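# Descriptive structure summary
Here is what each chain is made of, one letter per residue.
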Amino acid sequence: MAERRTPSRERIVAGAADMISRRGLSATSIREMARHARAPLGSTYHYFPDGKQQLATEAVRYTGEWVARSLRKELESGPVEGLRAFLALWRGIVVESDFRAGCPVLAVAIEEPPADETPPAVAAAAEVFAQWEALLAASLREHGAEAEQAAQLATLVVAAVEGTVAMCRAKRSARPLDDTAEQLQALIAGAIKR
């Protein structure tokens, strides 16, 4: 039976996302991203002729869609289940990496951009956060939350989970995720009990 192989471009993007989640964008070169993905540097530049910023943008979008797929699936069962899946996804990443990896979207978003410029990767991060918020807000509205409350709660969930992932890495503990999960679940339950 033939082994399915990940296409080189996708492998490079996934490897870049993983590397950025561990080291941030500034501390990672395109050469290191290619090596981490076990891809030739020439292939990396073939797929990403505009270099590191183009690859980072694709890595952010890749992560965004990967998380959004999980959210869409779990939100079919309701916002509490969606929250649990969102938290479980990040718990898996931080724990399985021994607290060395976090969210590449957040890592790119906190990079200091050049003056008077918004790099494409930072713009992509903003789009990803908005996508996650929109998915959560739609589920909250479908389950009885008022529109404004749903939007604000969705922002709170994304912000809290992203910040908690950073705290877990710093504290080398999943406890912040547990504490955050309990409080966010209570807030969502209160918003949809109508």
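Sequence order sets the numbering: in each chain, residues are counted from 1 along the sequence as written. In view of the model being predicted, local features appear only for residues whose pLDDT reaches at least 70, and side-chain atom pairs are presented and counted only at 80 or more, with totals across whole chains, interfaces and linings using the full set of residues. In computing side-chain properties, one takes all heavy atoms of the structure into account and sets aside hydrogens as well as water.

## What to know about the overall build of the protein
The condition that has to hold: Per the convention used, a helix needs a DSSP run of H or I reaching at least four residues, while a strand needs a run of E reaching at least two, with both numbered from the N terminus. Between buried and exposed lies partly exposed: a residue is buried under 20% and exposed over 50% of the maximum accessible area for its type, with that area taken using a 1.4 Å probe on protein chains only. Throughout, a residue-residue contact means that at least one pair of heavy atoms, one from each residue, lies within 4.5 Å. Areas reported here follow the Shrake-Rupley algorithm with a probe of radius 1.4 Å; residue values treat only the protein chains shown as occluding. Counting rule for charge: Lys and Arg are taken as positive, Asp and Glu as negative, and neither His nor the chain ends is counted. Charge coordinates come from a single atom per side chain, which is NZ of Lys, CZ of Arg, CG of Asp or CD of Glu.
Helix and strand content of the protein: nine helices and zero strands. Listing the helices and strands of the protein from first to last along the sequence gives α-α-α-α-α-α-α-α-α. Within the span of the protein, comprising 194 residues, buried residues form 44% of the whole. For the protein, contacts bridging at least 24 residues in sequence account for 68% of all contacts bridging at least 6. Accessible surface for the protein amounts to roughly 10,300 Å². Of this, 51% is attributable to carbon and sulfur atoms. For the protein, the distance from the average site of its 24 positive side-chain charges to the average site of its 25 negative ones is 7 Å.

## Quick notes on helix H1 (residues 8-23)
To be explicit about the condition: Between the first and last residue of a helix there are one fewer steps than residues, each counted as 1.5 Å, and that sum is the expected span.
Its 16 residues give H1 an end-to-end C-alpha distance of 22 Å, which sits within 8% of 22 Å, the value for a rise of 1.5 Å per residue. Taken residue by residue, H1 has Ile12, Val13, Gly15, Ala16, Ala17, Met19, Ile20 and Ser21 as its buried positions. Turning to H1, the residues buried within the fold contact helix H2 (30-36), helix H3 (41-47), helix H4 (52-75), helix H6 (104-109) and helix H8 (147-171). Just downstream of H1, Gly24 is the residue with a positive phi angle, here 85 degrees.

## Some points on the packing of H4 against helix H5 (residues 79-96)
The following threshold applies: Each axis is a line fitted through C-alpha atoms, and for a helix only the stretch in contact is used; angles between axes span 0 to 180 degrees, taken between their N-to-C directions. Angular relationships are summarised with four words: roughly parallel below 35 degrees, roughly antiparallel beyond 145, roughly perpendicular across 65 to 115, and oblique for the angles in between. Should the near helix be turned anticlockwise from the far one by less than a right angle, the crossing is termed left-handed; should it be turned clockwise, right-handed. Residues are grouped as follows: Ala, Val, Leu, Ile, Met, Phe, Trp, Tyr, Cys and Pro are nonpolar; Asp, Glu, Lys and Arg are charged; all remaining types, including Gly, are polar.
Relative to each other, H4 and H5 sit at 140 degrees, their axes nearing to 8 Å. One way to sum up the angle between H4 and H5 is to call them oblique. Considering how the two elements wind past one another, H4 and H5 form a crossing that is right-handed. Touching Thr63, Trp66, Val67, Ser70, Leu71, Glu74 and Leu75 of H4 are Pro79, Glu81, Gly82, Ala85, Phe86, Leu89, Trp90 and Ile93, all from H5. Among the residues making up the contact of H4 with H5, the classes are represented as 10 nonpolar, three polar and two charged.

## Observations regarding helix H9 (residues 175-192)
Our working definition: Taken from the helix axis, the directions to the C-beta atoms give the arc we talk about.
If you check H9, its first and last C-alpha atoms are 26 Å apart, about what 18 residues at 1.5 Å a residue would give, namely 26 Å. If you check which residues of H9 are buried, you get Pro176, Leu177, Thr180, Ala181, Leu184, Ile188 and Ala191. Considered in projection along H9, the buried side chains sweep an arc of 125 degrees and stay on one side of the axis. The exposed set on the far side of H9, more than 90 degrees from its buried face, consists of Arg175, Glu182 and Gln183.

## A look at the nonpolar core
One recurring pattern in soluble globular proteins is that nonpolar side chains are buried together. Convention followed: Throughout this description, the term nonpolar core refers to a set of buried Ala, Val, Leu, Ile, Met, Phe, Trp, Tyr and Cys residues connected via side-chain atoms within 4.5 Å.
One finds Trp90 and Trp132 to be the most contacted residues of the largest nonpolar core, which totals 58 residues. It is helix H7 (residues 120-142) that contributes the most residues to this core, 11 residues altogether. Among all residues touching Trp90, those that are not within four sequence positions of it are Thr63, Val67, Gly102, Cys103, Trp132, Val161, Glu162, Val165 and Leu177.

## Digging into the side chain of Ser139
By secondary structure assignment, the location of Ser139 is in helix H7. Judged by its relative accessible area of 2%, Ser139 is buried. Discounting chain neighbours no more than four positions away, the residues touching Ser139 are Leu75, Gly78 and Pro79.

## Considering the environment of Ala39
Tracing the backbone shows Ala39 in the loop between H2 and H3. Given a relative accessible area of 11%, Ala39 falls into the buried group. Between the C-alpha atom of Ala39 and that of Val94, which follows or precedes it by 55 residues, the distance is 25 Å. Filtering out sequence-adjacent residues up to four positions away, Ala39 remains in contact with Arg11, Ile12, Ala34 and Thr44.

## Here we look at the environment of Ala138
If you trace the backbone, Ala138 turns up in helix H7. Since its relative accessible area comes to 21%, Ala138 is described here as partly exposed. Sequence-wise, Ala138 and Ala88 are 50 residues apart; in three dimensions their C-alpha atoms are separated by 20 Å.

## A closer look at the pattern of salt bridges
Cut-off, in case you're wondering: Here, a salt bridge means any Lys or Arg side-chain nitrogen found within 4 Å of an Asp or Glu carboxyl oxygen.
In the structure shown here, the tally under the stated rule is 10 salt bridges. In this structure, Asp98 engages Arg100 in a salt bridge whose closest nitrogen and oxygen atoms are separated by 3.0 Å. By relative accessible area, which is 35% here, Asp98 ends up partly exposed. The network of salt bridges with common partners includes Arg9, Glu58 and Arg61.

That's the geometry; what it means functionally is another story.
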